[in-house]
Amino acid sequence: MSHAIQDQRPTRSHKSPAPAGLTRGGLPRWAPAAIAALSLALGCGIGLAFGLESKIQWGLLAALLFIAVTYTASAVIENRRQAKDRVATSLVWVCFVLAVIPLLSLMWTTISRGLKLLSGDFLSHSMNGVTSFDEGGGVYHALLGTIEQVALATLIAAPIGLLTAVYLVEYGKGRLAKSVTFFVDVMTGIPSIVAGLFILTTWNLMLGFGPSGFAGAMALSILMMPVVVRSTEEMLKLVPNELREAALALGVPKWRVILKVVLPTAIGGISTGLMLAVARIAGETAPIMLLVFGSQLINGNPFEGAQSSLPLYIWEQYKVGSEASYDRAWAGALVLIAFVMILNLVARGIARWKAPKTGR
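Residues numbered from 1 in each chain as written. Predicted model: local features only at pLDDT ≥ 70, side-chain atom pairs only at ≥ 80, totals over all residues. Heavy atoms only, no water.

Trainee: Is there a simple way to think about the packing of aromatic side chains in this case?
Mentor: Centre distance and the angle of the planes are the two values used to describe a pair of aromatic rings. For the coordinates displayed, the defined rule picks out six aromatic pairs. Ring geometry for Trp203 against Phe214: centres 5.6 Å apart, planes inclined by 65 degrees, an arrangement best described as edge-to-face. Of this pair, Trp203 sits in helix α8 (residues 192-206) while Phe214 sits in helix α9 (residues 213-237), and the two are 11 residues apart along the sequence. Relative accessible area serves as the criterion here: at 18%, Phe214 is assigned to the buried category. Residues Phe214 and Phe303 carry aromatic rings whose centres are separated by 5.3 Å and whose planes lie at 40 degrees to one another, so their mutual orientation is tilted. Taken together, the residues Phe214 in helix α9 and Phe303 in the loop between α13 (286-291) and α14 (310-320) connect sequence positions 89 residues apart. Judged by its relative accessible area of 53%, Phe303 is exposed. Ring pairs connect the aromatic residues Trp203, Phe209, Phe214 and Phe303, which therefore count as one cluster. Lys254 extends its terminal NZ or CZ atom over the ring of Tyr171, reaching a point 4.7 Å from the ring centre. (Phe/Tyr/Trp six-rings, centres within 6.5 Å; stacked < 30°, edge-to-face > 60°. Helix = DSSP H or I, 4+ residues; strand = E, 2+ residues; numbered from the N terminus. Buried < 20%, exposed > 50% of the residue type's maximum accessible area, 1.4 Å probe, protein only. Lys NZ or Arg CZ within 6 Å of the ring centre and 35° of its normal.)

Trainee: Sorry, what's going on with α9 here?
Mentor: Because an α-helix completes one turn every 3.6 residues, residues spaced three or four positions apart along the sequence face the same direction. Compared with the 36 Å implied by 1.5 Å per residue over 25 residues, the 35 Å span of α9 between its first and last C-alpha is a close match. With 20 of 25 residues buried, α9 lies mostly within the body of the structure. (Expected span 1.5 Å × (residues − 1).)

Trainee: How should I be thinking about the UniProt feature "domain: ABC transmembrane type-1" (unreviewed entry) in the protein chain in this particular structure?
Mentor: Under the feature "domain: ABC transmembrane type-1" (unreviewed entry), the UniProt entry names residues 143-347. The distance from the first to the last C-alpha atom of residues 143-347 is 20 Å, and the span holds 80% helix and 0% strand. (UniProt positions renumbered as here; feature names shortened; annotations may be inferred.)

The following block contains the structure:
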């Protein structure tokens, strides 16, 4: 009887073999790099063979060959499903490279040409007494004007934008909030020349004030405000509601929850958005031309008299067309990039310092 029962027990079956398409060999890890090198060599060879002078055409040929060779090799060695996955990954890498190459080229050109003239004398002297065709001169007056104008614009736009975003996220309901959101969206697309004309009409023509760095700062603050509102609003929305509810459950007033919980949690994103807004206005030229006028002298008073700025200085030097003015324009562009980069580093440091600590 026991033997019969044992004979009736189901025997353990072997695992069924997986489909052949899922068990084929895979490409080695070094395959993408090898395919990229091969595609680059083939692209350059085809470009030389057909007399293509543009290096951009060589790069596009190499990118197309990289995608085609990747798909063919993966389809032969692996399977079509894996080949499609590798093609998608290759497209991502190709788009990344195409986006990075212009940035690297811009940085290389600016640094290589700007370093020719960049020195302590260039940063500590103005263009007073130096004609545009002569060598020498500096960027101090323009750098001072940019720092003052951007600082004033930030002092105007940052509090207004921050409080507007807090209202939209924490309090805003009904028609007023929808209207504010609509006008913020409209202001995001306002051309800089329109903001300059608005301040020119109201501040200069109607109220009778003359050109000054403060007038330019007001126009820049109009351009800066919607960027601050939008970036801050999105960062505040990312703060979990559980944090608000936990603080409110302890009896903390809402304004104190916002000040002590919500804003510190989102400070990193808020500071990044603020620096994006600063970078947005630091390179504006049109409002400065209308309202600040430009000056070759050092004017440390942003509330009276014409000033200069780095974008306006770069445009003035490039307009002259001499070799010396071109060098000053590239050096001024390098100073402007360094100025924005330093502001970003300072903002990241402040955000890391003020961010809430995690862990024990």
